[in-house]
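# Close look at the chain arrangement
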Amino acid sequence: MPTEIGRDELRTLTEQGAQLVEVLPAGDYDWAHLPGAVNHPLKELDARAGQLDRSRPVIVYCHDWY
Amino acid sequence: MDWLAADLPFEGTARFVGMFTRRDVATAGEHMPASEALRLLEAQGFGPVLVLNEAGVVMGAAYRDRLEAAAGQADVGTAMRFGVSTVRPSEDAAALVHRMGDRGITRVVVTRSDGTLIGLFFAADVNLCCPSAGARRGHDAVARFRIDFVEGRGFGQLAARPGAVGGRAGMRTRSTVSAGWESMVIVPPWRSTTMRCAMSRPRPVPLPTSLVV
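The paragraphs below set out a description of the structure included in this document. Small disclaimer: the values here were computed from a predicted structure and weren't measured.

Each value, and the rule that gives it
- Counting restarts for each chain: residues are numbered from 1 in the order of the written sequence.
- Each chain takes a letter, starting from A, and each ligand takes a number, starting from 1, following the order in which they are written.
- It should be noted that, the model being predicted, local features are given only for residues of pLDDT at least 70 and side-chain atom pairs only at 80 or more, the latter also being counted only at that level, while totals for whole chains, interfaces and linings use all residues.
- Calculation of side-chain values draws on the structure's entire complement of heavy atoms; hydrogens and water are dropped beforehand.
- Note on aromatic contacts: the rings of Phe and Tyr and the six-membered ring of Trp form a pair at centre separations within 6.5 Å, being stacked when their planes are under 30 degrees apart, edge-to-face when over 60 apart, and tilted otherwise.
- Classification of residues uses two cut-offs on accessible area relative to the type maximum, computed with a 1.4 Å probe and protein chains only: under 20% is buried, over 50% is exposed, and between them is partly exposed.
- Lysine NZ or arginine CZ positioned within 6 Å of the ring centre and within 35 degrees of the ring normal marks a charge as sitting over the ring.
- Paired strands, in this sense, are two strands between which DSSP finds at least two bridges.
- The helix and strand labels rest on DSSP assignments: H or I over at least four residues marks a helix, E over at least two residues marks a strand, and numbering proceeds from the N terminus.
- Here, two residues are considered to be in contact whenever any of their heavy atoms come within 4.5 Å of each other.
- Take a side-chain nitrogen of Lys or Arg and a carboxyl oxygen of Asp or Glu: if they are within 4 Å of each other, that pair is a salt bridge.
- Residues adjacent in sequence count toward polar contacts only when both atoms are side-chain atoms; beyond that, a polar contact is any pair of N or O atoms within 3.5 Å, and within protein one must be able to donate a hydrogen and the other to accept it.

This part is about the packing of aromatic side chains. The relation between two aromatic rings is expressed through the spacing of the ring centres and the mutual angle of the planes. In total, this model carries three aromatic pairs over all chains according to the counting rule given. Both rings, one in B:F10 and one in B:F16, keep their centres 4.8 Å apart while their planes meet at 70°; by these two values the pair is edge-to-face. A residue is classified by how much of its surface remains accessible, and B:F10, at 22% relative accessible area, is partly exposed. Assessed through its relative accessible area of 2%, B:F16 is described here as buried. An aromatic cluster is present here, built from A:W31, B:F10 and B:F16 joined pairwise through their rings. The ring of B:F46 is capped by B:R22, whose NZ or CZ atom sits 4.6 Å from the centre of that ring. Its end group placed over the ring of B:F122, B:R22 keeps NZ or CZ at 3.9 Å from the ring centre.

Residue and element names in this part refer to chain A. Overall, parallel pairing links the three strands, which are arranged β2-β1-β3 in an open sheet. Strand pairing shows two members of the sheet lacking a second neighbour, β2 (38–39) and β3 (58–61), which therefore form its edges. Direction of pairing for strand β1 (residues 19–22) relative to β3: parallel, over a ladder of four bridges. Following the sheet pairing, Q19 is matched in β3 by V58.

Accessible area lost on assembly of the parts is the figure often given for the size of an interface. With 14 residues of chain A in contact, the opposing surface of chain B contributes 13 residues. Here chain A is connected to chain B by zero salt bridges. Inspection of the region where chain A meets chain B yields five residue pairs in polar contact (both at pLDDT 80 or more). Sorting elements by how many residues they give to the side of chain A that touches chain B places helix α1 (residues 7–15) of chain A first, with three residues.

Shown next as structure tokens:
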């Protein structure tokens, strides 16, 4: 189940190996994204989800979240 | 949550205000003697002195003229200006430079969303480099130029060392002076990503002390 987190939790989780995914279009990602984030645009998320490691938490964010 | 407005790191090509913000600014508590704040200001070389509360939130700004006029051991709090305008570090630097040029201001206080101080942003600190001119002229280039597009509207800024004169005919420019570069903000609308820099070699011109506070 998705859980809402804040900045501090984000940093803690990424330090523990969580995967960070930006779902904005590639242009937005190129312009600015959180350190270490990968880009899986929302429209391509289903197709790309298989690239994520199922054994580690996944943090997903879009514009509202940074 | 606003990651960028909190001055946290990011990756990408964006040029945010936080990247150009001077962090080593003179600060004071409101009960600091004005004379001490004035000493800090002079030691730092630029200002104003930013007055913070215990949480690091910007309460106001103390400028040289008010500090000098403050009597004897008067507190900074009696000399400061309340309610200074602030911007977030996540603002687009070029867009802010443009707005500052419109309003004729050279610096602005940068804070996080909670009002805590990050530093001072000087329009002239933005790297206004024309790649071709920079490559041709190196670090001692007389003029630098950069153009940015914001919401479909393009604008640029031409910067030259103090004393340089010039610009492109037919282009409205606005001149501001700071401690480093003299900047002329090109007013939109803008239709081209190219322009010719027509700047002459600078002559040594002393900066007005009133603008170096």
